[in-house]
Structure formats: C-alpha cells, structure tokens
Amino acid sequence: MKKIELEIVALSHSITQTHSYAVVLGEVNGLRRLPIVIGGFEAQAIAVALERMQPSRPLTHDLMKNFMLAFNIELHEIIINDLQEGIFYSKLVCSTEHDTVEIDSRTSDAVALAVRFGCPIYTYDNILDSAGILMEEDDKKKKVVVSHSDTNSDDLKKLSISELENLLTEVLEQEDYIKAASIRDEIKARKTG
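All values derive from a computational prediction rather than experimental measurement.

### Notes on the layout of surface pockets
By volume, the largest pocket amounts to about 370 Å³. Lining the largest pocket are 15 residues, with Ala49, Met53, Gln54, Asp62 and Arg116 positioned closest to its centre. Elements with a minimum of two residues in the lining of the largest pocket: α1 (40-50), α2 (60-70) and α3 (107-117). Within the lining of the largest pocket, the residues separate by chemical class into 7 nonpolar, 3 polar and 5 charged.

### A word on the confidence of the model for the protein chain
Across the protein chain, the average pLDDT comes to 84, with 82% of residues at or above 70. For the protein chain, strand β9 (residues 145-146) is the element with the lowest average pLDDT, namely 46, and strand β7 (residues 121-124) is the one with the highest, namely 98. Throughout residues 141-151 the model reports pLDDT below 50, and contacts reaching past four residues in sequence, or to other chains, amount to 28 contacts.

### Some thoughts on the packing of α1 against α3
Relative to each other, α1 and α3 sit at 10°, their axes nearing to 9 Å. Taken together, the axis directions place α1 and α3 in an arrangement best described as roughly parallel. From α1, Glu42, Ala45, Ile46, Val48, Ala49 and Leu50 reach across to α3, where they touch Ser108, Asp109, Val111, Ala112, Val115 and Arg116.

### Quick look at the packing of aromatic side chains
Going through the model one piece at a time under the given rule, you end up with 1 aromatic pair. With centroids separated by 5.0 Å and ring planes inclined at 45°, the aromatic side chains of Phe67 and Phe71 adopt a geometry described as tilted. A relative accessible area of 47% means that Phe67 is categorised as partly exposed.

### Focus: the nonpolar core
Counting residues in each nonpolar core, the largest one holds 32 residues, and the members touching the most others are Leu25, Leu34, Leu75, Ile78 and Ile121. Setting aside residues no more than four positions away along its own chain, Ile78 makes contact with Lys91, Leu92, Ala110, Val111, Ala114, Cys119, Pro120, Ile121 and Tyr122. Within the second largest apolar cluster, 6 residues are counted, among which are Leu156, Leu164, Val171 and Ile183.

### A short note on the side chain of Ser95
For Ser95, the position within the fold is in strand β5 (residues 87-95). Among the polar contacts made by the side chain of Ser95, one reaches the side chain of His76 at a distance of 2.4 Å. If we ignore the near neighbours within four places in the chain, the residues touching Ser95 are Asn72, Ile73, Glu74, His76 and Thr100.

### Some thoughts on the packing of α2 against α3
Look at α2 against α3: their axes get within 10 Å of each other, and the N-to-C directions meet at 60°. In terms of axis orientation, α2 runs oblique to α3. Like other packed secondary-structure pairs, α2 and α3 cross with a definite hand, here right-handed. Here His61, Asp62, Met64, Lys65, Met68 and Leu69 of α2 come into contact with α3, specifically with Asp109, Ala112, Leu113, Arg116 and Phe117. Taken together, the residues of the contact of α2 with α3 break down into 6 nonpolar, 1 polar and 4 charged.

### Digging into the pattern of salt bridges
Evaluation of the coordinates by the stated rule reveals 9 salt bridges. Of the charged contacts in the structure, one is a salt bridge between Lys3 and Glu77, with a shortest N-O distance of 2.7 Å. Of this pair, Lys3 sits in strand β1 (residues 3-13) while Glu77 sits in strand β4 (residues 74-84), and the two are 74 residues apart along the sequence. A salt bridge links Asp62 to Arg116, with the shortest nitrogen-to-oxygen separation between them at 2.6 Å. With a gap of 54 residues between them, Asp62 in helix α2 and Arg116 in helix α3 connect regions that are remote in the sequence. Per residue, the accessibility class of Asp62 equals that of Arg116, and both read buried.

What counts and what doesn't
- Residues numbered from 1 in each chain as written.
- Predicted model: local features only at pLDDT ≥ 70, side-chain atom pairs only at ≥ 80, totals over all residues.
- Heavy atoms only, no water.
- 1 Å grid on protein atoms, 1.4 Å probe; cavity = no way out; pocket = protein on both sides within 12 Å on 5 of 7 lines; lining within 4 Å.
- Points joined across faces, edges and corners; volume = space filled by probe spheres on them.
- Helix = DSSP H or I, 4+ residues; strand = E, 2+ residues; numbered from the N terminus.
- Nonpolar A, V, L, I, M, F, W, Y, C, P; charged D, E, K, R; others polar.
- pLDDT = per-residue confidence, 0-100.
- Contact = heavy atoms within 4.5 Å.
- Axes fitted to C-alpha atoms, helices over the stretch in contact; angles between N-to-C directions.
- Parallel < 35°, antiparallel > 145°, perpendicular 65-115°, else oblique.
- Phe/Tyr/Trp six-rings, centres within 6.5 Å; stacked < 30°, edge-to-face > 60°.
- Buried < 20%, exposed > 50% of the residue type's maximum accessible area, 1.4 Å probe, protein only.
- Core = buried A, V, L, I, M, F, W, Y, C linked by side-chain atoms within 4.5 Å.
- Polar contact = N/O pair within 3.5 Å; in protein donor to acceptor, adjacent residues only side chain to side chain.
- Left-handed = near helix turned anticlockwise from the far one by under 90°.
- Salt bridge = Lys/Arg side-chain N within 4 Å of Asp/Glu carboxyl O.

Listed below in structure tokens is the structure:
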C-alpha cells in the first residue's frame, strides 16, 4: 500500500467529547483531513513541542526522545496503520546501527514523538477514506492552529501586559502549557500590534 504523508494542521478541543482534544492531520498537498480524538495530557505534550516550549522538567515524550538518542535509536517515521471501531493504531519505525523495527504505539504518543523528532507522519488511503474529511480548496490552511478555548480570549484582553506576564509565570509553574500558549500569544499580539 502507498503511504500518504500527513501534517498537523490543528490541535483543539474536541467538539464531540468533553475533556478531550482533537489533533487534525492534513494530507500533504491534498484536501483530506484526519481528526483524531486524544486526551488532555497528550494534547499538552503535542502543544509543548509545536510551540517549542521548554518545560522546567522533561515531559514523558521528552524523556522518551532523550532515552532513544542516548542509545542511538533513530525515529524515522510514524505510520497510522489501522482503524478499528473508531480507534487509530500506529507504529513507530525506529532503527539502530544494526536493525530496523516497528513498535506499536498509541497514535497520540506517536504524533507527540514525531513532532519532537521532526519525522514524517504517514497513513494509508483506506484510513483516510473511512475516517477522513474532505475540505474545500479555500479552507485549506498550511499554518498549524492551536486552539486554546480553555482560556477565554475576552478575559485575557481585559488584563494588562504585566498581569498577563504574571499569569503566564503562574500557569507555567503549574505546567499547563496549553493555557500558557494562549497567554503568550496574547502578549505577543499586543507587543507587535
């Protein structure tokens, strides 16, 4: 089967499930999207890597990357290789100097590692056909959008820059990187605007 490369086009709250998030993968040079519901911790792990944040302590996926690098294990690609009863299954394609192996993984963990390693994400036509969404040409976006609806943007607009900076410090200490990203974006918008 021919592999189809995907890229992360959005990370946001899931519309269908409370306390869940969705990572939306888009077909590179195509119009199909693959929304995958993930948990809050996994969304945070992906958001931290996408936003290039440096947590005070390594998150689990950072630890995994450090472990792999320490033992000269390369992550070449991830493949979303199956879909059963609404659950996506993935493989990490890794290699050492002597061997290449495929390791089963939850898709959310595989995506979090792919972002950290900068490796490609693939799937197959049959998965896109059964779970994908076809977008209109003018809806296609190349930019990754991280939605932070936990933090109401109207509430952030009411705060001064110094209040926002204090809130950012507080949220980072709590290791809530998704909220931190929205606060940082508000500070950045005001300083450049």
